[in-house]
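What follows is the residue order along each chain.
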Amino acid sequence: MARVRLNNLTKHFGDVVAVDDVSLDIADREFLTLLGPSGCGKTTLLNMIAGLESPTAGEVWFDDRNVTAVPPERRDIAMVFQTYALYPHMHVFDNVAFGLKMRGVPAEDRKKLVQAAAKTMEIEHLLDRKPRALSGGQRQRVALARAIVRNPGVFLLDEPLSNLDAQLRVVMRTELKRLHGELEMTFVYVTHDQAESLILSDRIVVMKEGTIQQIGTPESIYDSPANTFVAGFVGSPPINLLKGVLEQTGGGDWRVVGEGFSCGMATSMVERMGQSAGREVSLGVRAEDIGVGEVQSTANSDSETASETGGQSGTQVRSVGRAEVVVREPMGSDLFLTVDVGGSNVKVRTRPENRMDRGDNVELYFDPGKIHLFDGESGEALLDIR
Amino acid sequence: MTVLRPFHLMSRTRDLLPLLLNLPAVILLLAFIAYPIGISFWMSLHRYNLRRPDQVYFHGLENYATILASSEFWNALWISLYFTFMAVLLVIVIAMAIALLLHESFRGRGVVRALLLIPWAIPGVVNGLMWVGLLGDYGAFNAMLEDSVAAVNYLFGINIVYTGMASPFVALNAAIGAHVWRSVPFACIIFLAAIQAIPTEQYRAARVDGATSWNRFRFITLPWLYHAVLVVAIFETMNGFRAFDLIYALTGGGPGDATHVIAWQTYKEAFARLDFGGANAYSYLITLITMTLAIIYIRLLYRRGLVQG
Amino acid sequence: MWRRASLYIYALAAVIYLTLPFAWVAAVSFMPEREVTQQRWWPEEPTIGNYSLYFDVEGQSADVGAAIARQFPRAIINSLIIGSAVMLLNLTCGSLAAYALARLPFRGNLLLLLFYLGSRSVPGVAIMIPMYLLMRSYGLLDTHLSVILSHTTFTLPFTIWILKGYFQTVPLDLERAARVDGCTPLGALVRVFLPVTTPGLVAVGIFAFIASWGEFLFALLFTTTIASRPVTVLASDFAQELQVPFTVIAAGGVLVILLPLVLSFLFQRLIIQGIGGSVTG
């Protein structure tokens, strides 16, 4: 059991700033994920929590103990590495028992604890093998058993699933979630896989170039990304971003107008945003928040209604513009269409029954309640629309 | 906070610790390689003959001038160049052939691999003695050579007189053969490791593209081995110029001066004539030659690396 | 089928090339003297008489070469002392330096690496005279120490080079895992790093030992009496004495080769993998 606090942690490697002034408060028994592309500093941050790297500046606290200068062997942690790092010269039993042995746990107790951990990870039959005789998934289980056997306060995982094949990854993902439910430990999990982070975490920390972009629950990160980077990184397929300008029509309505589209929005939203006309923005809209319809023969771009096949049915939705289907990708339960909107590609998720195909002209409808506006320059979110 | 001190000490001495770990090795090498090399150069600029210890004086590059004007030096250099060139060539070809064999899978491969290290395990002096026997009057190889010369004479109706190790030509090439025999295993180990590092998909891809086995060797194996070949070439060039123990035991420099390789010449200069000044000048010239060759090789290696990069 | 057959012929040729010279010498060492003059390949009436000269401790025999042969056991012990010391020095100095080069990034490591490579390319003859004078001025001539020091300096750069390559193949995460599991930096080194790298250490250790066993030039220069002369130098005396029958020389040769041969057989897998991988890697 441990609460982990990071105060203004910074790490330089020569001239490179790997982690830049990061502060975090991780609650006891929380499952916290550090998410970001490679080189964003997430592993360095994890290593500093472990004590494997010493910070250039800042502090690490476990509960009310400042552990910044405490070497890893005297922190109450366990760690699973991307490469598993099983000791090749020891049998599985000794691998799992090694940490206990180093901490002076008597042999009989060691045996019991190893058996228990092996049972949890379902590797009892592997205990007398050498690591090289194990499959990738089995190694992963041994690595997890080695970590949980000591029942540490903080459990650190560095991309533990990235060396597994896709099917096994799904199995082990579930396994991890089960472990977190059973064990009373604080999990800090590093990954570059946004799906993993959404599924597993209580909270996600999105990082880029050594700094925190956003901290929040999976839902809040997904629904209200703080900037275009977070919006683009979390969610699959990535969010559609369209460049545009805020404009006011003669009737007083506000809209975002860009190449090939014009998306209306409620005046109240714009007022709340407090932005003047002419401002450059990026409009973000996820594939599942876009409706697509066939072009009506009489329809023009301002048509009030259309045969709408996605988005919010029942409400009145305005088409934002016409587009041409470029790619059709059926995925079983869903159909993804890539459509060309004024030269930009937009991904649309729709139902698999949809027969639209390459070359068809379609109308697009953005769910006004689900669009995101970002500053055209900085990429910061302008307004949480909901 | 006393607990924390050792860890802090570690990180503060980040640069000191590795230097400290290198210290024993560096001291040894400075004392027994760098320092002697300096002294050797200094001595090469002196007149220093042990027969006349009272007459030690500086006389600049005169030792070098004497050497470069002497026919013995040019003879030794020429012999060493021939020796080294042939040795490098033969070692590469034979080691490559055996490495390619060991890369194939067949029953008994383990046996061949176990036997591979035999020549390498044999000390140079013993190797020399061995070949003295093999090529001596009663030697098994000598008998084979005699028989084959006789056969050639009979077939072509000519009359080559085979005089064994008394012939300068036979002696020098026998020395090369013995040197090569002992050098093959090491080169073979390097080639084998390099061959095993070639991704098998490359061969599959080449097969799909319709390449013959010769073409697969020519266009996949060889380019992949370029680095290893150069490494072996560097090693063997240095070894070739150093060849001494074998010559000492096999030919003693003879017959005449036929196997006066440059290392042997230097040894003679120093410990037979006791001319330490001249011998040091000799050894400096050897160093210069091997270094020049090494630099050429390394440049080749580097340039190739850039091209592949 | 054809391919198989040609492969085996090829393999047979390789085996003959690698073993025949030594096999003949080994065979000769069991021949009585008159058989060798018949240019035989195999002893008709095998004898161990040639070897008995080498274990003639009382010095009874007055045969030609007996004086040299009698000193063999002592010389082999000298070689063992020198080789073992060279091996130990290589392993301690070499692994410390290689560990620093492989694991601890520091300023000047490239410079050091070049220094090591450079010192390997210095030919022995180039420094034999200053080394001789150096040993003489420290009164180390005709001692084991002089040979040990010179052999160590010649083998060390290679050892460091190979070990650095080998150490770099060990994932850093192993030591990190050991730290997290409760080891101090030293504990991680002793309990995880060293056991994992044992094959590489054994390979370079054997390599250094065999190199020292076979080295000749410096051993010849520095040693004068049986108090320190290693067996290679003693064996070279046969090259100077013209009357020694080759059967006796052959037996001596077999005795000199025996230990390195056994070692290289026992550790061939480690040597081939450890040396080969690191040189090209």
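Residues numbered from 1 in each chain as written. Chains lettered and ligands numbered in written order. Predicted model: local features only at pLDDT ≥ 70, side-chain atom pairs only at ≥ 80, totals over all residues. Heavy atoms only, no water.

### A few points about the overall build of chain B
- For chain B, the count of helices and strands is 14 helices and two strands.
- In terms of overall size, chain B is more extended than a compact globule, its C-alpha atoms giving a radius of gyration of 25 Å where 309 residues would be expected to give roughly 19 Å.
- Based on the C-alpha atoms only, the size of chain B along its principal axes is roughly 95 × 75 × 35 Å.
- Put simply, of all contacts in chain B between residues at least 6 apart along the chain, 69% involve residues at least 24 apart.
- Surface accessibility of chain B: about 14900 Å² in total, with carbon and sulfur atoms responsible for 66%. (Helix = DSSP H or I, 4+ residues; strand = E, 2+ residues; numbered from the N terminus. Rg over C-alpha atoms; globule rule 2.2 N^0.38 Å. Contact = heavy atoms within 4.5 Å. Areas by Shrake-Rupley, 256 points an atom, 1.4 Å probe, with all protein chains shown as cover.)

### Notes on the domain arrangement of chain C
Residues and elements named next belong to chain C.
- Under the domain assignment, chain C is made up of domain 1 (2-68) and domain 2 (71-280).
- Between the C-alpha centres of domain 1 and domain 2 there is a distance of 29 Å.
- Contacts between the two partners involve 19 residues from domain 1 and, on the opposite side, 21 residues from domain 2.
- With both sides pooled, the region where domain 1 packs onto domain 2 buries about 1700 Å², and carbon together with sulfur makes up 79% of that total.
- Counting the contacts that link domain 1 with domain 2 gives zero salt bridges.
- Here domain 1 is connected to domain 2 by four residue pairs in polar contact (both at pLDDT 80 or more).
- Counted by class, the side of domain 1 that touches domain 2 contains 15 nonpolar, three polar and one charged residues. (Domains from an automatic or database assignment. Buried area = accessible area lost by both parts, 1.4 Å probe. Salt bridge = Lys/Arg side-chain N within 4 Å of Asp/Glu carboxyl O. Polar contact = N/O pair within 3.5 Å; in protein donor to acceptor, adjacent residues only side chain to side chain. Nonpolar A, V, L, I, M, F, W, Y, C, P; charged D, E, K, R; others polar.)

### Re the interface of chain B and chain C
- Counting residues at the interface gives 93 residues for chain B, matched by 92 residues for chain C.
- Summed over both sides, the interface of chain B with chain C buries roughly 8200 Å², with 79% coming from carbon and sulfur.
- Considering only the surface of chain B that becomes buried against chain C, Phe32(B), Trp120(B) and Tyr138(B) emerge as the three largest contributors, covering 8% of it.
- Taken together, the links from chain B to chain C amount to one salt bridge.
- We note a salt bridge from Arg3(C) to Glu104(B), for which the minimum N-O separation is 2.8 Å.
- Counting residues per element, the side of chain B that touches chain C draws most heavily on helix 2 (residues 16-44) of chain B, which supplies 20 residues.
- Taken together, the residues of the side of chain B that touches chain C sort by class into 72 nonpolar, 13 polar and eight charged.

### Details of a nonpolar patch on the surface
Residues and elements named next belong to chain B.
- Nonpolar side chains collect at one region of the surface, where Val 152, Tyr 154, Leu 155, Phe 156, Ile 158 and Ile 160 lie side by side and expose about 690 Å² of accessible area between them.
- With respect to the element layout, Val 152 can be found in helix 8 (residues 140-156).
- By relative accessible area, which is 33% here, Val 152 ends up partly exposed. (Patch = residues over 30% accessible without salt bridge, like charges linked within 9 Å, V, L, I, M, F, W, Y side chains within 5 Å. Buried < 20%, exposed > 50% of the residue type's maximum accessible area, 1.4 Å probe, protein only.)

### What to know about helix 6 (residues 109-120) of chain C
- Compared with an ideal rise of 1.5 Å per residue, which puts twelve residues at 16 Å, helix 6 of chain C spans 17 Å between its outermost C-alpha atoms and is within 8% of the ideal.
- Buried residues of helix 6 of chain C: Leu112(C), Tyr116(C), Ser119(C) and Arg120(C), and no others. Projected down its long axis, helix 6 of chain C carries its buried residues within an arc of 110°, all on one side. Residues Leu110(C), Leu111(C) and Leu114(C) are exposed on helix 6 of chain C and point more than 90 degrees away from its buried face.
- Packed against the buried residues of helix 6 of chain C are helix 2 and helix 11 (213-242) of chain B together with helix 5 (72-103) and helix 8 (144-168) of chain C. (Expected span 1.5 Å × (residues − 1). Arc of directions from axis to C-beta.)

### Topic: a negative patch on the surface
- A contiguous patch of negative charge on the surface is contributed by Glu294(A), Glu324(A), Asp357(A) and Asp360(A).
- In this fold, Glu324(A) is placed in strand 16 (residues 321-330). (Lys, Arg positive; Asp, Glu negative; His and termini not counted. Charge placed at Lys NZ, Arg CZ, Asp CG, Glu CD.)

### Thoughts on the packing of aromatic side chains
- Counting across every chain of the model gives 41 aromatic pairs over all chains.
- For the ring pair Phe41(B) and Tyr284(B), a centre distance of 5.0 Å and an interplane angle of 50° mean the geometry is tilted. One end of the pair, Phe41(B), is in helix 2; the other, Tyr284(B), is in helix 14 (residues 276-308), with 243 residues separating them in the sequence.
- Residue classification places Tyr284(B) among the buried positions, given a relative accessible area of 18%.
- An aromatic cluster is defined as three or more aromatic residues linked by ring pairs; in this entry it consists of Tyr48(B), Phe244(B), Tyr248(B), Trp264(B), Tyr267(B), Phe271(B), Phe276(B), Tyr132(C) and Phe216(C). (Phe/Tyr/Trp six-rings, centres within 6.5 Å; stacked < 30°, edge-to-face > 60°.)

### Points about the sheet that holds strand 9 (residues 203-208) of chain A
Residue and element names in this part refer to chain A.
- Here six strands make up an open sheet; going across it, the order is 6-7-8-3-9-10 and the pairing mixed. Edge positions in the open sheet fall to strand 6 (77-80) and strand 10 (211-216), since each of these has one partner strand only. Sheet twist, expressed as the average angle between the axes of neighbouring strands with direction ignored, equals 15°.
- Inspection of the sheet shows strand 3 (residues 31-35) paired to strand 8 (residues 186-191) by five bridges, in the parallel sense. (Pairing = 2+ DSSP bridges. Axes fitted to C-alpha atoms, helices over the stretch in contact; angles between N-to-C directions.)

### Some remarks on unusual backbone geometry
Residue and element names in this part refer to chain A.
- Cis geometry marks the peptide bond from Ser 236 to Pro 237; its omega dihedral reads -5°.
- Within the secondary structure, Pro 237 sits in the loop between helix 8 (228-233) and strand 11 (240-248).
- Even without being glycine, Tyr 84 reaches a positive phi, approximately 70°.
- One can find Tyr 84 in the loop between strand 6 and helix 2 (92-102).
- Here Glu 209, not a glycine, exhibits a phi torsion of approximately 50°, which is positive.
- Locating Glu 209 in the fold gives a position in the loop between strand 9 and strand 10.
- Look at Glu 209 and you get exposed, because its relative accessible area is 61%.

### Description of the sheet that holds strand 18 (residues 344-350) of chain A
Residue and element names in this part refer to chain A.
- With antiparallel pairing, the five strands of this open sheet are ordered in space as 15-19-16-17-18. The open sheet has two edge strands, strand 15 (290-294) and strand 18, and neither has a second partner. Here the average twist between neighbouring strands, direction ignored, is 45°.

### Digging into the environment of Gly36(A)
All names here are of chain A.
- As for its placement among the helices and strands, Gly 36 is situated in the loop between strand 3 and helix 1 (42-50).
- The sequence separation of Gly 36 and Thr 68 amounts to 32 residues, and the corresponding C-alpha distance is 24 Å.
- Residues within four places of Gly 36 in sequence aside, it is in contact with Lys 42, Thr 191, His 192, Met 207 and Phe 233.

### Some remarks on the pattern of salt bridges
- With the rule as written, the count across this model stands at 25 salt bridges over all chains.
- As a salt-bridge pair, Glu363(A) and Arg322(A) come within 3.9 Å of each other at their nearest N and O atoms. Pair noted here: Glu363(A) is in strand 19 (residues 361-366) and Arg322(A) is in strand 16, with a separation of 41 residues, a long-range link.
- When its relative accessible area of 0% is taken as the criterion, Glu363(A) is described as buried.
- The salt bridge involving Arg34(C) is made with Glu45(C); its shortest N-O contact spans 3.2 Å. Taken together, the residues span a long stretch of sequence, with Arg34(C) in helix 2 (residues 33-37) and Glu45(C) in the loop between helix 2 and helix 3 (49-52) at a distance of eleven residues.

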